[in-house]
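One letter stands for each residue in the lines below.
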Amino acid sequence: MRLRRALPGYLMLLPFAVLFVGFLVWPLANSLYFAFTNYNGVKAPSFVGFDNFQRLWFEDERFRKAIVNSFVYVAAAVTLTTGLALALAVAFRGTSWRDRIMRTLFFLPAVTSTIAVALIWRWIFSGEDFGLANTVVGWFGAEPVQWLATPHWTIPILVLMAVWGGCGYGMVIFVAGLNAIPEEHYESARLDGANSWQQFWYITLPQLKPVTTYVVITSLISAFQIFEAVYIVFRAVSTVGGVQDSGLMLVPYLYDMGFTKFQLGYASAIAWSLFIIIFIVSMIQLRVTRALREL
Amino acid sequence: MRRNLWPTIARLPLYLFGLTMLVPFYWMVTAAFKPVPELTKNPPSFVPTDPTLDAFYEPGYDPDQRGEQIVSGLFQRFTDVPGGFGRFMFNSLVVATSITVLSLLLASLAAYALTKMDLPGKRFIFVVIVASMMVPWQVSLIPNYLIVRNLGWLNSYEGYIIPALAKAFVVFFLVQYMRSIPDDLVHAARVDGAGEWRIWWRVVMPLMRPALAAMAIFVVLNEWNNFLWPLIIVQSDDMANLPVALSRLNASNAFNPQHMAVIMAASLLTSLPTVIVFLFFQKHFTRGIALSGIKG
């Protein structure tokens with residue numbers, strides 16, 4: 001009887017469930033299997049145990065480079081983006097037209113096509129003397145720089161792109177968090193003679209902790225998944241990761257192994273490594289926040 | 001007076017920073033309207049002295065005359081694709097709208113069944129859906145490519161649309177929102193003899209409007225900007241969406257700065273639709289993001 005009444009419910013669930021299993025659950029299971037095989041997409045996969053992970057984590061120089069690049073990039077991009085987003089939210093949280101215009105301005109990159117944005121940066125950092133970046137350094141008397149062909153500039157440029165593109169999103173979340181803090185907290189603090197810096201330090205920051213955790217974790221996750229910026233801005237004739245792999249990160253490496261070299265088993269091992277890294281880093285972040293809250 | 005002045009002064013660097021936010025956009029727009037010789041002038045002109053539409057369409061362009069200085073406008077390129085650049089705009093539009101409409105329909109149906117109906121096993125199903133959100137989508141990229149290849153969907157709208165419909169996050173979000181709709185409304189409709197499909201469409205869906213708007217914005221933005229998936233499933237020229245077309249334009253022309261006007265023109269046309277929609281529906285965007293914390 002209960003099942004009979006439930007029948008339309010299952011029918012409603014069915015279309016989504018079929019697609020969910022067919023294009024998500026089943027592929028994930030497959031991907032996990034591929035990670036333990038040698039597979040090139042043509043011949044049937046052959047089981048190799050932990051060989052892919054062994055090679056990836058302990059022997060592969062390019063993977064090590066991708067990991068180091070990712071961590072440096074993620075640390076810099078997430079810290080700067082979050083800090084700036086918080087500053088912007090505190091400065092432009094109001095409802096005046098000036099604040100609203102500023103918020104619109106900072107949010108604009110979040111709705112602009114990622115590829116278009118990457119192409120703009122490529123144009124700005126063009127190595128010729130008429131490129132915008134070179135014109136600006138020229139004002140300070142510096143010689144033109146081959147921005148995109150100099151390995152040590154790769155990550156700073158990617159970080160700049162991430163901060164420019166991401167601070168508006170964090171700002172919007174922080175504004176929502178700020179507006180949720182009851183005004184009475186500030187009133188009683190003012191009565192006790194707290195200045196605005198003390199109010200920020202002892203009321204705003206602690207109250208914003210859950211929001212901050214949220215912004216940091218979502219930024220971490222999306223920063224680890226960077227692909228378009230590397231692929232478009234540092235596109236050279238044959239490589240995916242920029243000059244001397246200076247911009248090689250996890251997803252570009254996954255793309256390179258999977259779709260230009262067709263080592264699908266190995267690329268699946270990279271994909272699961274991405275999952276493991278994101279998972280561990282978010283767990284650590286959650287733990288740290290919890291520990292800080294108990295202090 | 002002193003009290004009111006300080007916050008403004010403290011904010012001054014942030015106002016300046018706000019202006020620099022616009023610089024990349026400005027640099028794109030000016031480049032799209034500069035004639036080729038002005039584009040490679042040193043020092044660059046900050047206001048186009050002789051604005052032109054040549055980067056979009058060059059009336060005097062002669063395909064037989066391929067000199068150093070002669071490059072065609074955007075809509076005259078991609079001669080092997082019927083419709084040229086317009087075709088890519090069409091592809092992007094078709095894909096983004098159909099994915100948005102279909103995925104929201106499917107997800108809201110699933111969310112209705114999971115929240116408002118008494119289904120044995122629904123807790124387990126919901127837990128699986130939430131758990132799947134923890135895995136980055138790139139993990140399923142390779143198997144999905146093989147599945148789509150085996151189905152013969154490479155280079156087709158099916159390949160774009162059908163795998164993109166299983167959006168666990170949308171179901172999760174709609175379930176959260178639907179829980180705030182009182183069950184009594186649904187019960188009352190049932191007592192009146194309305195079927196479940198009717199209740200879903202007539203009673204629950206109208207109340208879901210804010211949530212649906214937030215998700216529609218999220219899905220449209222993501223699909224309009226989607227790059228990695230189209231990059232691997234599109235091999236022929238005519239099935240590219242705008243991001244893939246931009247990337248190809250870049251790959252074949254970027255080493256010659258003379259083509260930068262066309263590339264910037266294409267970037268402008270690709271970003272304009274989402275920016276305009278954003279400026280019109282700004283409130284929905286920010287509210288949706290604050291509501292769901294989604295990454296646009």
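Conventions we followed
Residues numbered from 1 in each chain as written. Chains lettered and ligands numbered in written order. Predicted model: local features only at pLDDT ≥ 70, side-chain atom pairs only at ≥ 80, totals over all residues. Heavy atoms only, no water. Helix = DSSP H or I, 4+ residues; strand = E, 2+ residues; numbered from the N terminus. Buried < 20%, exposed > 50% of the residue type's maximum accessible area, 1.4 Å probe, protein only. Contact = heavy atoms within 4.5 Å. Areas by Shrake-Rupley, 256 points an atom, 1.4 Å probe, with all protein chains shown as cover. Lys, Arg positive; Asp, Glu negative; His and termini not counted. Charge placed at Lys NZ, Arg CZ, Asp CG, Glu CD. Rg over C-alpha atoms; globule rule 2.2 N^0.38 Å. Buried area = accessible area lost by both parts, 1.4 Å probe. Salt bridge = Lys/Arg side-chain N within 4 Å of Asp/Glu carboxyl O. Polar contact = N/O pair within 3.5 Å; in protein donor to acceptor, adjacent residues only side chain to side chain. Nonpolar A, V, L, I, M, F, W, Y, C, P; charged D, E, K, R; others polar. Patch = residues over 30% accessible without salt bridge, like charges linked within 9 Å, V, L, I, M, F, W, Y side chains within 5 Å. pLDDT = per-residue confidence, 0-100. Expected span 1.5 Å × (residues − 1). Core = buried A, V, L, I, M, F, W, Y, C linked by side-chain atoms within 4.5 Å. Axes fitted to C-alpha atoms, helices over the stretch in contact; angles between N-to-C directions. Parallel < 35°, antiparallel > 145°, perpendicular 65-115°, else oblique. Phe/Tyr/Trp six-rings, centres within 6.5 Å; stacked < 30°, edge-to-face > 60°.

S.K.: How should the overall build of chain A be read in this particular structure?
M.R.: Within chain A one finds 13 helices and two strands. Evaluated residue by residue, chain A yields a buried proportion of 55% over its 295 residues. Considering only intrachain contacts with a sequence separation of at least 6, the fraction spanning at least 24 residues in chain A is 67%. Working note: accessible area of chain A is about 13,800 Å², and carbon and sulfur atoms make up 66% of it. For chain A, the distance from the average site of its 20 positive side-chain charges to the average site of its 16 negative ones is 11 Å.

S.K.: Quick question: what am I supposed to make of the overall build of chain B here?
M.R.: Counting its regular elements, chain B contains 14 helices and zero strands. Going residue by residue from the N terminus, the α and β elements of chain B occur as α-α-α-α-α-α-α-α-α-α-α-α-α-α. The C-alpha atoms of chain B give 24 Å as radius of gyration, which overshoots the globular expectation for 296 residues (19 Å, by more than 25%). Principal axes of the C-alpha set define a box for chain B whose edges measure 75 × 70 × 35 Å. Out of the 296 residues belonging to chain B, those deemed buried represent 53%. Taking as baseline every contact in chain B between residues at least 6 positions apart, the subset at least 24 positions apart corresponds to 68%. Between the centroid of the 22 positive side chains of chain B and the centroid of its 17 negative side chains there is a distance of 16 Å.

S.K.: Explanation requested: the environment of Ser 246 of chain A in the structure shown.
M.R.: Residue and element names in this part refer to chain A. Checked against the element boundaries, Ser 246 lands in the loop between α11 (228-233) and α12 (250-260). Residue Ser 246 is classed as buried on the basis of its relative accessible area, which comes to 8%. Each C-alpha atom, one on Ser 246 and one on Ser 273, is 20 Å from the other, the two residues being 27 residues apart in sequence. If sequence neighbours within four positions are ignored, Ser 246 has contacts with Asn 69, Pro 151, Thr 154, Ile 155 and Gly 241.

S.K.: Looking at this model, I keep getting lost on the interface of chain A and chain B. Mind explaining?
M.R.: Interface extent is often summarised as the accessible area lost during association of the parts. Taken together, the contacts link 88 residues of chain A with 96 residues of chain B. Counting the surface lost from both chain A and chain B, the interface buries some 8,200 Å², and carbon and sulfur atoms represent 78% of this. Ranking the residues of chain A by area buried against chain B places Met 12, Phe 23 and Trp 123 of chain A at the top, with a combined share of 11%. Summed over the shared surface of chain A and chain B, the number is zero salt bridges. Counting across the interface, chain A meets chain B through nine residue pairs in polar contact (both at pLDDT 80 or more). Its residues assigned to classes, the side of chain A that touches chain B comprises 64 nonpolar, 15 polar and nine charged.

S.K.: Would you explain a nonpolar patch on the surface in this entry?
M.R.: On the surface, Trp 57, Phe 58, Ile 276, Phe 279, Ile 280, Met 283, Ile 284, Leu 286, Val 288 and Leu 292 of chain A together with Met 134 of chain B cluster together to form a nonpolar patch covering roughly 990 Å² of accessible area. At eight residues, helix α13 (residues 264-294) of chain A tops the list of elements feeding residues into the nonpolar patch. Take Leu 286 of chain A: it is sitting in helix α13.

S.K.: How should the confidence of the model for chain B be read in this particular structure?
M.R.: Residue-level pLDDT values for chain B average 87, and 92% of them are 70 or greater. ipTM for the predicted complex: 0.90, alongside a pTM of 0.91.

S.K.: Is there a simple way to explain the pattern of salt bridges in this structure?
M.R.: Oppositely charged side chains are able to pair whenever their charged atoms sit close together. Residues and elements named next belong to chain A. This model, assessed by the stated rule, comprises nine salt bridges over all chains. A salt bridge links Asp 245 to Arg 62; the shortest N-O distance between them is 2.8 Å. Remark: Arg 62 occurs in helix α3 (residues 61-91) and Asp 245 occurs in the loop between α11 and α12; sequence separation between them is 183 residues. Connected through shared salt-bridge partners, Arg 62, Asp 245, Asp 256 and Lys 261 make up one network.

S.K.: Would you mind going over α3 of chain A with me for this structure?
M.R.: Note that an α-helix has 3.6 residues per turn; residues three or four places apart therefore point the same way. The end-to-end C-alpha separation of α3 of chain A is 45 Å, in line with the 45 Å expected for 31 residues at 1.5 Å each. N-capping of α3 of chain A is provided by Asp 60 of chain A, with a side-chain oxygen placed 2.9 Å from the backbone N of Arg 62 of chain A.

S.K.: Got a minute to help me understand the nonpolar core in this structure?
M.R.: A general feature of soluble globular proteins is that nonpolar side chains tend to end up buried together. The biggest cluster of nonpolar side chains holds 207 residues, and the ones touching the most others in it are Tyr 73 of chain A together with Leu 174 and Met 264 of chain B. Here this core gets 16 residues from one element, more than from any other, and that element is helix α7 (residues 151-179) of chain A. Those residues in contact with Met 264 of chain B, other than ones at most four positions away along the chain, are Leu 119, Ile 120 and Trp 123 of chain A together with Met 28, Ala 31 and Ala 32 of chain B.

S.K.: I tried to follow the environment of Arg 103 of chain A on my own but got confused; where do I start?
M.R.: Residues and elements named next belong to chain A. If you trace the backbone, Arg 103 turns up in helix α4 (residues 97-107). Along the sequence, Arg 103 and Val 175 sit 72 residues apart, while their C-alpha atoms lie 9.7 Å from each other. If near-sequence neighbours (up to four positions away) are discounted, Arg 103 is found in contact with Phe 92, Arg 93, Gly 94, Met 171 and Val 175. Polar contacts involving the side chain of Arg 103 include one to the main-chain carbonyl oxygen of Phe 92, which spans 2.8 Å.

S.K.: Mind showing me how you'd approach the packing of α3 of chain A against α12 of chain A here?
M.R.: Residues and elements named next belong to chain A. Two numbers describe how α3 lies on α12: the axes approach to 9 Å, and their chain directions differ by 150°. Comparing the axis directions of α3 and α12 gives the class roughly antiparallel. Contacts from Arg 62, Phe 63, Ala 66, Ile 67 and Ser 70 of α3 reach α12 at Leu 250, Tyr 253 and Asp 256. Among the residues forming the contact of α3 with α12, the class breakdown is five nonpolar, one polar and two charged.

S.K.: Would you take a moment to explain the packing of aromatic side chains for this structure?
M.R.: Each aromatic ring pair is specified by the distance between its two centres and by the angle formed by the two planes. The tally for this structure, following the rule as stated, stands at 44 aromatic pairs over all chains. Judged by centre distance (6.2 Å) and plane angle (20°), the rings of Trp 197 of chain A and Trp 201 of chain A are stacked. One end of the pair, Trp 197 of chain A, and the other, Trp 201 of chain A, are both in helix α9 (residues 196-207), four residues apart, so they sit about a helical turn from each other. Plain terms: the ring middles of Phe 85 of chain B and Phe 88 of chain B are 6.1 Å apart, the flat faces sit at 85° to each other, and that makes the pair edge-to-face. Placement of both Phe 85 of chain B and Phe 88 of chain B in helix α3 (residues 85-116) is noted, with a separation of three residues, approximately one turn of the helix. The rings of Trp 121, Phe 125, Trp 147, Trp 153 and Trp 164 of chain A together with Phe 25 of chain B are connected pair by pair, giving a single aromatic cluster.

S.K.: Honestly, the side chain of Lys 116 of chain B in this entry has me stumped. Any pointers?
M.R.: Residue and element names in this part refer to chain B. One can find Lys 116 in helix α3. A distance of 2.8 Å separates the side chain of Lys 116 from the side chain of Asp 183, its partner in a polar contact. Among residues more than four places away in sequence, those in contact with Lys 116 are Met 178, Arg 179, Ile 181, Pro 182, Asp 183, Val 186 and Arg 190.

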